[in-house]
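# Architecture and fold: a report
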Amino acid sequence: MQNEGNTPCNILEEIIWYKDKEVSQMKEKKPLILLKKQLSGAPPTRDFLGALKASYSRTGLPALIAEVKKASPSRGVLREDFNPVEIAKAYEKGGAACLSVLTDQKYFQGSFENLEAIRNAGVECPLLCKEFVIEAWQIYYARVKGADAILLIAAVLPNLDIQYMIKICKLLGLTALVEVHDETEMDRVLGIEGVELIGINNRDLGTFKVDISNTKKLLEGERGEKIREKGIIVVGESGLFTPADIGYVQEAGVKAVLVGESLVKQEDPTKGISGLFGKDISC
Ligand SMILES: O=C(O)c1ccccc1NCC(=O)[C@H](O)[C@H](O)COP(=O)(O)O
């Protein structure tokens, strides 16, 4: 029987369809007007982009955004004994410039409680709220829960929404990490005003295929030149396991990397960072 439009065509579509229902319910419990009130007493955000730049200048290596990720649709549970605060502290000790915290519950076993707990545990690294954002309300919610940055996925959001959401981020003091996977998305995003941080995901979110040469492909030629001209910082995301992988994406032009699986699976994530970079990057 043919797909009559009521079955998602891939995992990303499934996540987004579910997110739509989830956000509607969350908004009912906490309307925007309440979130805005909470924000009036919120502490200032930390400078996510500034932390990436400072780390790159200090180490000469791509700044690390270490991901607090219990599970994923492609890999299942990555770590059974998952203590988000302990993992976050271990990442910070190992020299991570920033942390990424999965907040999606259904597909990644993450939560906003994890984000809040990490923020309240004295971790100083700026925090990226790793969510599937489909509405501006989620950005306000992330800010209330302690985020310093938020992910905007080009495969999910039209250009006008990205532009609008970047403005909201600026208003709230958040950094927007705009994620692309292919040339079409990169070209779209390079045409949007105000983009300062682009993530190139080596994982195809529809098929799960991971290929780190995707980062190189998207930074070649005129695209790479445009990115340099605009002073945009690029983050290489997914599938990074070895110092050779880090060297490869650095050579391609990234100044930061976002790493989950290869670190979170290590018994000692602090040592995992030294293993990933081939040296201690903490001092
Ligand atoms: O990781 C997945 O299976 C996944 C599936 C569908 C949408 C997003 C997904 N992952 C988000 C990410 O891109 C990664 O968590 C992040 O880049 C870190 O990747 P890795 O170092 O390979 O864990």
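Note that the structure is predicted; figures quoted are calculated from it, not measured.

Before going further, it helps to spend a moment on the site of the ligand. Taken together, the neighbourhood of the ligand is formed by 19 residues, with Glu67, Lys69, Ser74, Asn201 and Ser238 sitting nearest. Interatomic distance of 3.0 Å between a backbone N/O atom of Gly239 and an oxygen atom of the ligand. One nitrogen or oxygen atom from the main chain of Glu261 is found 2.8 Å from an oxygen atom belonging to the ligand. Within the complex, the protein chains bury 98% of what would otherwise be the 520 Å² of accessible surface of the ligand. When each cavity is represented as a set of grid points, the ligand is found to reside in the largest cavity. Partitioned by chemical class, the residues of the shell around the ligand number 7 nonpolar, 6 polar and 6 charged.

Under the counting rule described, the total for this entry stands at 12 salt bridges. Of the charged contacts in the structure, one is a salt bridge between Glu131 and Lys19, with a shortest N-O distance of 3.0 Å. A residue pair is termed long-range when its members are at least 10 positions apart, and Glu131 in the loop between β5 (127-130) and α6 (136-144) and Lys19 in helix α1 (residues 11-29) qualify at 112 residues. What makes Glu131 buried here is its relative accessible area of 3%.

Rolled over the atoms, a probe sized like a water molecule indicates the empty space that remains. Applying the stated criterion to the full structure yields 2 cavities of 30 Å³ or more. In this model, the largest cavity occupies a volume close to 400 Å³. Looking at the lining of the largest cavity, the elements with two or more residues in it are α1, β6 (149-153), β10 (256-259) and α12 (261-264). If one sorts the elements of the lining of the largest cavity by residue count, α1 sits on top with 3 residues. The residue inventory of the lining of the largest cavity, partitioned by class, reads 16 nonpolar, 7 polar and 9 charged. Every residue lining the second largest cavity is listed: Lys19, Glu22, Val23, Met26, Phe112, Glu131, Trp137, Gln138 and Tyr141. A total of 4 residues in the lining of the second largest cavity trace back to one element, the largest contributor, which is α1. Split into classes, the residues belonging to the lining of the second largest cavity amount to 5 nonpolar, 1 polar and 3 charged.

With that settled, the discussion passes to the pairing of strand β8 (residues 197-201). Counting buried positions along β8 gives 5 out of 5 residues, so the element sits mostly inside the fold. Residue alternation in β8 divides its side chains into two sets, Leu197, Gly199 and Asn201 and Ile198 and Ile200, and both sets are buried. By the bridge criterion, 3 bridges tie strand β7 (residues 175-180) to β8 in an arrangement that is parallel. Across the sheet, the residue bridging to Glu179 is Gly199, located in β8. For the crossover from β7 across helix α8 (residues 183-190) to β8, the handedness is right-handed. Sheet topology places β8 next to strand β9 (residues 233-237); 5 bridges connect them, and they run parallel. Bridged to Ile200 within β9 is Gly236.

Take the UniProt feature "domain: Indole-3-glycerol phosphate synthase" (unreviewed entry) in the chain next. The UniProt entry lists residues 12-274 under the feature "domain: Indole-3-glycerol phosphate synthase" (unreviewed entry), expressed in the numbering used here. Annotation note: span residues 12-274, helix share 48%, strand share 17%, distance between end C-alpha atoms 32 Å.

Attention shifts here to the environment of Pro43. Positionally, Pro43 belongs in the loop between α2 (32-39) and α3 (48-59). In this structure Pro43 comes out as exposed when scored by relative accessible area, which is 58%. A C-alpha to C-alpha distance of 9.4 Å links Pro43 and Val144, two positions 101 residues apart in sequence.

For the rest of this paragraph, the subject is unusual backbone geometry. Phi is positive for Phe208, which is not a glycine, with a value near 75°. Relative to the helices and strands, Phe208 is located in the loop between β8 and α9 (213-219). Phi at Ser238 is positive, roughly 80°, even though this residue is not glycine. The topology assignment puts Ser238 in the loop between β9 and α11 (243-252). For Ser238, a relative accessible area of 12% gives the class buried.

Calculation rules
- Residues numbered from 1 in each chain as written.
- Predicted model: local features only at pLDDT ≥ 70, side-chain atom pairs only at ≥ 80, totals over all residues.
- Heavy atoms only, no water.
- Near = heavy atom within 4 Å.
- Polar contact = N/O pair within 3.5 Å; in protein donor to acceptor, adjacent residues only side chain to side chain.
- Areas by Shrake-Rupley, 256 points an atom, 1.4 Å probe, with all protein chains shown as cover.
- 1 Å grid on protein atoms, 1.4 Å probe; cavity = no way out; pocket = protein on both sides within 12 Å on 5 of 7 lines; lining within 4 Å.
- Sits in = over half its atoms within 2 Å of the grid points.
- Nonpolar A, V, L, I, M, F, W, Y, C, P; charged D, E, K, R; others polar.
- Salt bridge = Lys/Arg side-chain N within 4 Å of Asp/Glu carboxyl O.
- Helix = DSSP H or I, 4+ residues; strand = E, 2+ residues; numbered from the N terminus.
- Buried < 20%, exposed > 50% of the residue type's maximum accessible area, 1.4 Å probe, protein only.
- Points joined across faces, edges and corners; volume = space filled by probe spheres on them.
- Pairing = 2+ DSSP bridges.
- Right-handed = clockwise from strand over helix to strand, strands pointing away.
- UniProt positions renumbered as here; feature names shortened; annotations may be inferred.

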